[in-house]
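# Fold and geometry: a report
Chain by chain, the residues:
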Amino acid sequence: MTDKTTISWPVVAVTTGMLAGLWVTSRLNFLLFHALVEMFSVLVSGGIFVIAWNSRRFPTSPYLLFIGIAHLCVGGIDLLHTLAYKGMGVFPGNDANLPTQLWIAARYLQSISLLVAPLCIGRRLWPRATLAAYLAVTAALVASIFGGIFPPCFVEGVGLTPCKIVSEYLISLTLVAALLLLRKKRAAFDGRIVNLLSTAIALMVVAELAFTFYVDVYGLSNLVGHLFKVAAVFLIYKGTVETSLTRPYELLFRELTESEKALRESHQRISSIMESITDAFFALDHGWNFTYVNEEAERLLNRRRDELIGRNVWTMFPEAVGSTFHEQYHRAVSEKKSVSFEEYYPPLGRWFDVRAYPAGDGLSVFFRDITGRMKIENTLRQSEEKFAKAFQTAPTIMIITTLSDGRYLEVNEAFEKTVGWRREEVLGRTSREMGIWVDQDQRNEVVRTTEAGEKVINWEIILRGKSGETIEGLYSAVGIELNDEKCLLSIVRDVTARRRAEREVEILNAELTERARELEEINCELEATVEQLESVNRELEAANRELESFSYTVSHDLRGPLTNINSLAQVVLELYGPGFEPKCREFMDDIHHETLRMDELIGTLLDFARIARSDLRPETVDLSAMARAVAAACRLKEPERLVTFVVADGITAHGDSRLLRVALDNLLGNAWKYTGTREEARIEFGVTKHEGRPAYFVRDNGVGFDMADVDRLFAPFARLDSGAPFRGEGIGLATVARIIQRHNGRIWAEGEKGKGATFFFSL
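Note that the coordinates shown come from a computational prediction; the quantities given were computed from them, not determined experimentally.

Reading guide: rules and limits
- Residues numbered from 1 in each chain as written.
- Predicted model: local features only at pLDDT ≥ 70, side-chain atom pairs only at ≥ 80, totals over all residues.
- Heavy atoms only, no water.
- Pairing = 2+ DSSP bridges.
- Helix = DSSP H or I, 4+ residues; strand = E, 2+ residues; numbered from the N terminus.
- Axes fitted to C-alpha atoms, helices over the stretch in contact; angles between N-to-C directions.
- Contact = heavy atoms within 4.5 Å.
- Expected span 1.5 Å × (residues − 1).
- Buried < 20%, exposed > 50% of the residue type's maximum accessible area, 1.4 Å probe, protein only.
- Arc of directions from axis to C-beta.
- Patch = residues over 30% accessible without salt bridge, like charges linked within 9 Å, V, L, I, M, F, W, Y side chains within 5 Å.
- Areas by Shrake-Rupley, 256 points an atom, 1.4 Å probe, with all protein chains shown as cover.
- Salt bridge = Lys/Arg side-chain N within 4 Å of Asp/Glu carboxyl O.
- Parallel < 35°, antiparallel > 145°, perpendicular 65-115°, else oblique.
- Left-handed = near helix turned anticlockwise from the far one by under 90°.
- Nonpolar A, V, L, I, M, F, W, Y, C, P; charged D, E, K, R; others polar.
- Core = buried A, V, L, I, M, F, W, Y, C linked by side-chain atoms within 4.5 Å.

The next point concerns the sheet that holds strand S3 (residues 280-284). With respect to topology, 5 strands assemble into an open sheet ordered S4-S3-S7-S6-S5, the strand pairing being antiparallel. For this open sheet the edge positions go to strand S4 (290-293) and strand S5 (339-345), each flanked by a neighbour on one side alone. Put simply, the sheet's adjacent strands are angled 25° from each other on average, direction ignored. Both strand S6 (residues 350-359) and strand S7 (residues 362-369) contribute to a ladder of 8 bridges, which runs antiparallel. Bridging from a neighbouring strand, Ala359 pairs with Gly362 of S7. Across the sheet, helix H14 (residues 324-335) lies against S3, S5, S6 and S7, angled at about 160° from S5, the strand it touches most.

Written out as structure tokens, the structure reads:
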């Protein structure tokens, strides 16, 4: 190739003829002239795209591919510009502003693309993504123009707007910058192509400047600008489309042709070097395809190089996707810096030491098989981990010290818990400094014994804790080497508690012996006391029998005189009553009633005494039925009263039915009595839960009581002042309490004066 651009005379003649013909056409029909010029530009742009796009799979210039994609979109906007031109009638209702706006949009897109294209040299271009981006930008530009967002560029009767003129100058400056950058990158191109493209860009600058002067779309300035544009497009055609079709290799990067021989020689030298090194090596291109594999890599990867060359590394080794290999290789490429790592690859069962270096053409990877070394290291690490775990979690004290001066190198958790010193407080210090050995001579004897090669097993020693307490232990030690230094691994089994327990056991044994003697004496005294208690018990039984006999005797002896008094009082009233004064007759009535009341009290006392002595006969008792029977009896006594009895169904209990009937008689009788002042009395019998057990209750709306007097309710003969004249002996609730106690239950009450009372009991 030559750097000189040669254009044959026939080409010059044809070009001149074309320009002349176009000029004549413009004089006859400017609209036809404009359509021919723009369609030529559109066809050339399409040709550039077709050539560039279909050669993207070959090692061609990214510059050409980028320019081709850009000119597809530029040509598309130019086509819309041609159709929108004044007089074409394709977009009725639009004036000359629409084609001018489309022209400016196309020139912006073309100039910026020519400026960016040289920057693609030496870089990887993603064709589909680039095409998609260009199409998106083009669509946005066209939408802004037809949507009325794009600034106006031409006003009928006035001419170009400031936006149009400024844009032409900006586009010209951008093209100048593109020309300078292209010349700076000329070493990457064939010289003929650089000159053609440079001339084309220069003509575009002249054309843009010409377009800054026209007032009418059919004016001379517009004509000159389009002629320069035709010339520029023709040179782009010569530099890209024609050259690509006739001499395609001249359109490639110059370095691809000039360095081919050097590359082959370099490849041979590199291959020789790569085959001679002991490390495995392979090279990847930007598509992650193998470009080189040396012999050692064949052996380690277990694949022949002809199986790998040209194939994708992630396809050939799919298990590596997502692994450290995948992550590190991509990191090296994206960050453009070398990486090194060690990783295991399961399919090959090997550990690899890998170093990857990014290069202009891809990635170079050196690696070695370190499986043997890793196995040894893993074995050592596992052993160390097991020892460390056993060392730290051992229940006995374990210490590693230097043999010479007793400097602490490591202690376990048992040492910290037992001795009280934290690990960081003792490491690096000696046992003498810490004062841990109570008798330092014991430690010296351990050192002498160990140095003599003898064993130290279960020596009794005494250590001093951080707080000053002494620790008794059984000491064992063995000599070890750490970092070429003689050390001592010590194990201390804490027997402080055991020794103390042994001493305490001895003391306790002595105390127990003494206490056994004392207990023997006490036992003798207890035997004598038991005999005395048995004698007292017999006396009490006799006293109880006498008391029972006395009770019956007293009740019989008392009831006899009371009966006589009552009879005599009745006789006196019958014989002499009509002649008595009223006061005297009242006294005789009182004698009669009080003797009857005294008889009832004696009966109640006898019943109370029987309850304490009678045997229990437990059975299942229907308390609901029993309560209804008591309520019916109360109604028979005073049928004129309005009392509502509410008795819950299905209430049962386990107890003596006879005694429970007495209890309900008293509780419901009390409720009946103390609701006597209520016009509408209510008495309720039910069951609830208290502390997880059934609690039976009798509730009334009677006169109630003050809770301050609750403790007196169940005492015999203790009657509370209810504020109303209620007759009673004060023994009923005491009888109920005695019955509940005999059933191992509990009775309690709640009430408020004037608002009723509730009596609870459990069995």
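Along its 20 residues, helix H5 (residues 127-146) runs 28 Å from first to last C-alpha, staying within 8% of the 28 Å computed at 1.5 Å per residue. Those residues of H5 not exposed but buried are Pro127, Thr130, Leu131, Tyr134, Thr138, Val142, Ser144 and Ile145. Relative to the axis of H5, the buried residues are bounded by an arc of 160° and lie together on one face. Residues Arg128 and Ala129 are exposed on H5 and point more than 90 degrees away from its buried face.

This brings us to the sheet that holds strand S11 (residues 470-482). Strand order across the open sheet formed by 5 strands is S9-S8-S12-S11-S10, with antiparallel pairing between neighbours. Edge positions in the sheet fall to strand S9 (408-411) and strand S10 (456-464), since each of these pairs with one other strand and no more. Averaged over all neighbouring strand pairs, the angle between strand axes comes to 30°, with direction disregarded. As defined by bridge partners, strand S8 (residues 397-402) adjoins S9 across 3 bridges and the pair is classed as antiparallel. Note on S9: the bridge partner recorded for Ile400 is Glu410.

A few words on the pairing of strand S19 (residues 757-762). Counting buried positions along S19 yields 6 of 6 residues, so the element is predominantly enclosed. Burial of the side chains of S19 extends over both faces: Ala757, Phe759 and Phe761 are buried on one face and Thr758, Phe760 and Ser762 on the other. In this sheet, S19 lies alongside strand S17 (residues 693-700) in antiparallel orientation, the contact comprising 5 bridges. Across the sheet, the residue bridging to Arg699 is Thr758, located in S19. Bridging between strand S18 (residues 746-751) and S19 involves 6 bridges; their strand directions are antiparallel.

Right, let's get into a nonpolar patch on the surface. A surface patch of nonpolar side chains, amounting to about 340 Å² of accessible area, comprises Met39, Leu79, Leu83, Met88 and Val90. Summarising the element assignment, Leu83 is placed in helix H3 (residues 62-83).

Although it is not a glycine, Asn302 adopts a positive phi angle of roughly 60°. Along the chain, Asn302 turns up in the loop between helix H11 (295-301) and helix H12 (305-308). Non-glycine residue Asn744 carries a positive phi angle of around 60°. One can find Asn744 in the loop between helix H24 (732-742) and S18.

Running from N to C, helix H22 (residues 623-637) and helix H23 (residues 657-674) point in directions that differ by 45°, and their axes come no closer than 9 Å. Taken as axis vectors, H22 and H23 run oblique relative to one another. Handedness of the crossing formed by H22 with H23: right-handed. For the pair H22 and H23, contact is made by Leu623, Met626, Ala627, Ala629, Val630, Cys634 and Arg635 and by Ser657, Leu660, Arg661, Leu664, Asp665, Leu668 and Trp672, respectively. Residues belonging to the contact of H22 with H23 are distributed by class as follows: 10 nonpolar, 1 polar and 3 charged.

To continue, consider the nonpolar core. The biggest cluster of nonpolar side chains holds 56 residues, and the ones touching the most others in it are Tyr63, Ile69, Leu114, Tyr134, Leu175 and Phe189. At the level of elements, helix H2 (30-54), H3, helix H4 (97-116), H5, helix H6 (162-184), helix H7 (191-210) and helix H8 (220-246) are the ones that each hand at least two residues to this core. Not counting residues up to four positions away in its chain, the partners in contact with Tyr63 are Leu114, Ala117, Pro118, Leu182, Phe189 and Leu197. With 39 residues, the next largest nonpolar core counts Ala631, Leu667, Ala681 and Ala757 among its residues.

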